[in-house]
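# Per-entry structural report
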Number of protein chains: 2
Amino acid sequence: MRKTELLKQKILTEGKVEEGGVLRVDSFLNHRLDIEFLNEVGLYFRDKFRGLGINKILTIESSGIAIATITAQYLHVPVVFAKKNVHINLPDEVYIEDVHSFTQKKNNKLVVAKKYLNKDDKILIVDDFLAKGNALKALLSMVQKAGGTVEGIGIVIEKTYQGGGDEIRKQGYNLLSLAKIKSMENGTVQFAD
Amino acid sequence: MRKTELLKQKILTEGKVEEGGVLRVDSFLNHRLDIEFLNEVGLYFRDKFRGLGINKILTIESSGIAIATITAQYLHVPVVFAKKNVHINLPDEVYIEDVHSFTQKKNNKLVVAKKYLNKDDKILIVDDFLAKGNALKALLSMVQKAGGTVEGIGIVIEKTYQGGGDEIRKQGYNLLSLAKIKSMENGTVQFAD
């Protein structure tokens with residue numbers, strides 16, 4: 001597939017494998033945003049998830065926002081992004097989930113105002129990375145509490161060896177990852193396909 | 001102007017004025033993202049700033065990212081977003097600026113990797129809010145240190161009574177705000193125009 005190949009090429013040429021199994025993709029996804037590339041990602045998700053009646057895209061700040069925004073333009077739906085570690089008092093009732101981030105080595109609180117998730121929602125979740133899937137599980141839990149359904153999950157980079165993706169697929173979710181990485185041993189990225 | 005009127009209408013019907021002079025626009029700009037509306041903002045900024053040779057859009061996570069992403073699609077340039085309070089060690093050399101946030105009542109550190117700002121850059125800065133302008137001044141300082149030029153600044157909502165915008169205009173910057181709020185006394189939004 002052209003788009004998945006484009007992404008793999010970008011990961012190989014621009015990604016940097018660091019200690020602790022962190023893949024840095026700052027040059028196009030996490031600090032600098034390559035908009036032409038993200039446009040291809042958005043088109044890919046549109047092609048894969050259209051026709052499912054999706055009425056909302058859910059993601060997590062900050063790295064998910066650009067991906068969600070571009071995908072939402074093609075699906076003509078709004079975006080809701082979960083906030084991390086909101087310090088000010090929120091006036092609205094909220095869903096809160098604790099999520100351990102192995103990359104950041106700390107717990108984050110993910111927060112979504114209840115009024116932005118509804119029982120009639122047919123949701124597409126998108127995010128940049130999927131490893132153990134803790135953040136994704138937190139979003140799934142929120143949608144479930146709201147009574148909505150998750151029609152699809154679109155991930156840019158999945159680290160399959162960390163198991164989160166397969167666990168979530170076994171629960172019956174329609175989870176698609178553009179690039180699947182099966183190993184980063186010795187600093188070398190190996191794709192699953 | 002149709003787009004500025006659309007925005008003003010949204011602020012009046014969906015915005016909420018809270019204690020401490022905070023205008024909450026969670027329903028379309030800061031938590032839920034109204035993509036059709038943001039698309040109009042992006043087109044407006046494109047119309048106002050095209051032809052200036054802009055090669056990069058600079059913004060701040062998280063609320064600036066969606067605006068920057070959509071504007072960047074129309075101007076065909078990449079985005080760089082300043083990170084807040086990066087806790088992990090950054091392997092790259094960075095520009096760091098301390099910014100006091102009156103809304104959050106704390107200091108934030110804004111961080112941009114030096115390699116993503118260059119002396120040849122012609123930059124458009126976009127952001128959701130402009131009040132005292134501390135965050136914006138931090139971005140201007142970074143671009144200046146990198147030797148680049150700021151060709152334009154596009155703001156969605158400016159609180160003119162807090163003075164940041166006029167101060168920056170007096171320095172000669174091409175600063176444009178879609179909606180200018182001159183007062184929020186007694187919880188009522190009054191526009192400057």
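Once a new chain begins, its residue numbering starts again from 1 and follows that chain's sequence as written. Chain letters start at A and ligand numbers start at 1, both assigned in the order the entries are written. The predicted origin of the model limits local features to residues at a pLDDT of at least 70 and limits the giving and counting of side-chain atom pairs to 80 or more, whereas totals for whole chains, interfaces and linings rest on all residues. Remark: hydrogens and water are excluded; side-chain values derive from all non-hydrogen atoms of the structure.

Now for the overall build of chain A. Secondary structure assignment for chain A yields six helices and eleven strands. Our radius of gyration looks at C-alpha atoms and nothing else; its globule reference is 2.2 Å times the residue count to the power 0.38. A globule of 193 residues ought to have a C-alpha radius of gyration of about 16 Å, and chain A, at 16 Å, matches this closely. In terms of principal-axis extent, the alpha carbons of chain A reach across some 45 × 35 × 35 Å. Charge assignment in this entry is limited to Lys and Arg as positive and Asp and Glu as negative, and neither His nor the chain termini are counted. Every charge is mapped onto a representative atom, which is NZ of Lys, CZ of Arg, CG of Asp or CD of Glu. Counting 28 positive and 24 negative side-chain charges, chain A places the centres of these two groups 1 Å from one another. Elements are defined by DSSP. Helices are runs of H or I of four residues or more, strands are runs of E of two residues or more, and each kind is numbered from the N terminus.

Two residues form a contact once any of their heavy atoms are found within 4.5 Å. If you look at the interface, chain B gives 41 residues, while chain A gives 41 residues. Of the roughly 3,200 Å² buried where chain B meets chain A, counting both sides, 56% is carbon and sulfur surface. Here, a salt bridge means any Lys or Arg side-chain nitrogen found within 4 Å of an Asp or Glu carboxyl oxygen. Scanning the region where chain B abuts chain A turns up zero salt bridges. Two N or O atoms form a polar contact when they lie within 3.5 Å of each other; inside protein one atom must be a possible hydrogen donor and the other a possible acceptor, and for residues adjacent in sequence the pair counts only when both atoms belong to side chains. At the surface where chain B touches chain A, the tally comes to 16 residue pairs in polar contact (both at pLDDT 80 or more). Looking at the side of chain B that touches chain A, the elements with two or more residues in it are strand S1 (16-18), helix H2 (26-30), strand S3 (32-33), helix H3 (35-49), helix H4 (63-75), strand S5 (79-84) and strand S7 (106-113) of chain B. In terms of residue count, the dominant contributor to the side of chain B that touches chain A is H4 of chain B (seven residues). In terms of residue class, the side of chain B that touches chain A is built from 19 nonpolar, eleven polar and eleven charged. Computed with a 1.4 Å rolling probe, the buried area is the accessible surface lost when two parts are put together, summed over both parts. Each residue receives one of three labels: charged for Asp, Glu, Lys and Arg, nonpolar for Ala, Val, Leu, Ile, Met, Phe, Trp, Tyr, Cys and Pro, and polar for the others, Gly being one of them.

All copies are superposed by least squares; the fitting set is the C-alpha atoms of residues with a pLDDT of at least 70 in both. Screw-axis analysis of chain B against chain A gives a translation of 0.0 Å along the axis, an RMSD of 0.0 Å, and a rotation angle of 180 degrees. The symmetry that links the two subunits is that of a two-fold axis. Mapped onto chain A, 100% of the interface residues of chain B are again interface residues, and the two copies thus contact each other with one and the same surface.

Looking now at the pairing of S7 of chain B. Residues and elements named next belong to chain B. Where S5 lies against S7, two bridges are found, and the strand directions are antiparallel. Bridging from a neighbouring strand, Lys84 pairs with Leu110 of S7. Here, strands pair whenever DSSP counts at least two bridges between them. As paired strands, strand S6 (residues 94-101) and S7 are joined by eight bridges and run antiparallel to one another. By the bridge assignment for S7, Asp98 is matched with Lys109.

Turning our attention to the packing of H3 of chain B against H4 of chain B. All names here are of chain B. Angular values range over 0 to 180 degrees, each being the angle between N-to-C directions of two axes fitted as lines to C-alpha atoms, with helices fitted over their stretch in contact. Running from N to C, H3 and H4 cross one another at 50 degrees; their axes reach a closest spacing of 8 Å. When the axis of H3 is compared with that of H4, the two are oblique. Helix-helix and strand crossings are classified by hand; for H3 and H4 the assignment is right-handed. Taking contact as the criterion, the partners of Ile35, Leu38, Asn39, Val41, Gly42, Leu43, Phe45 and Arg46 in H3 are, on H4, Ala66, Ile67, Ile70, Thr71, Tyr74 and Leu75. Considering only residue class, the contact of H3 with H4 consists of ten nonpolar, three polar and one charged. Note that the term roughly parallel is reserved for angles under 35 degrees, roughly antiparallel for angles over 145, roughly perpendicular for angles of 65 to 115, and oblique for everything else. In this scheme, a crossing is called left-handed if the near helix is turned counterclockwise away from the far one by less than a right angle; it is called right-handed if the turn is clockwise.

Before going further, it helps to examine the UniProt feature "binding site: 5-phospho-alpha-D-ribose 1-diphosphate" (unreviewed entry) in chain A. Residues and elements named next belong to chain A. UniProt positions are given in the numbering used here, feature names are shortened, and annotations may be inferred rather than shown by experiment. Cross-referencing UniProt, the feature "binding site: 5-phospho-alpha-D-ribose 1-diphosphate" (unreviewed entry) maps to Ala131, Lys132, Gly133, Asn134 and Ala135 in the present numbering. Topologically, Lys132 is positioned in the loop between strand S8 (122-130) and helix H5 (134-146). Burial classes: relative accessible area under 20% of the type maximum marks a residue as buried, over 50% as exposed, and values in between as partly exposed (1.4 Å probe, protein chains only). Note on Lys132: relative accessible area 33%, which makes it partly exposed. If near-sequence neighbours (up to four positions away) are discounted, Lys132 is found in contact with Phe102, Lys137, Gln162 and Gly164. Note that Ala135 resides in helix H5. Taking relative accessible area as the criterion, Ala135 reaches 23% and is therefore assigned partly exposed. Those residues within four positions of Ala135 in sequence are excluded, and the remaining contacts are Ile60, Val99 and Leu110.

This next bit is on the environment of Ile35 of chain B. Looking at the element boundaries, Ile35 of chain B is found in helix H3. When neighbours within four sequence positions are excluded, Ile35 of chain B is seen to be in contact with Thr69, Ala72, Gln73, Val77, Pro78 and Val79 of chain A together with Ile70 of chain B.

Quick look at helix H4 (residues 63-75) of chain A now. Burial analysis of H4 of chain A places twelve of its 13 residues in the buried class, which makes it a mostly covered element. At the exit of H4 of chain A stands His76 of chain A, carrying a positive phi of roughly 55 degrees.

Let's shift gears to the side chain of Thr59 of chain B. Residue and element names in this part refer to chain B. Relative to the helices and strands, Thr59 resides in strand S4 (residues 56-60). Here Thr59 falls in the buried class, since its relative accessible area comes to 0%. Looking at Thr59, its side chain comes within polar contact range of the main-chain oxygen of Val126, at 2.8 Å.

This brings us to unusual backbone geometry. Both trends apply: most residues other than glycine have a negative phi, and most peptide bonds are in trans. All names here are of chain A. In this chain, Glu61 is followed by Ser62 through a cis amide linkage whose omega measures -10 degrees. With respect to the helices and strands, the residue Ser62 is situated in the loop between strand S4 (56-60) and H4. Even without being glycine, His76 reaches a positive phi, approximately 55 degrees. Assignment of secondary structure puts His76 in the loop between H4 and strand S5 (79-84). The residue Asn186 is not glycine, and still its phi comes out positive at about 55 degrees. Within the secondary structure, Asn186 sits in the loop between strand S10 (175-183) and strand S11 (190-191). Judged by its relative accessible area of 78%, Asn186 is exposed.

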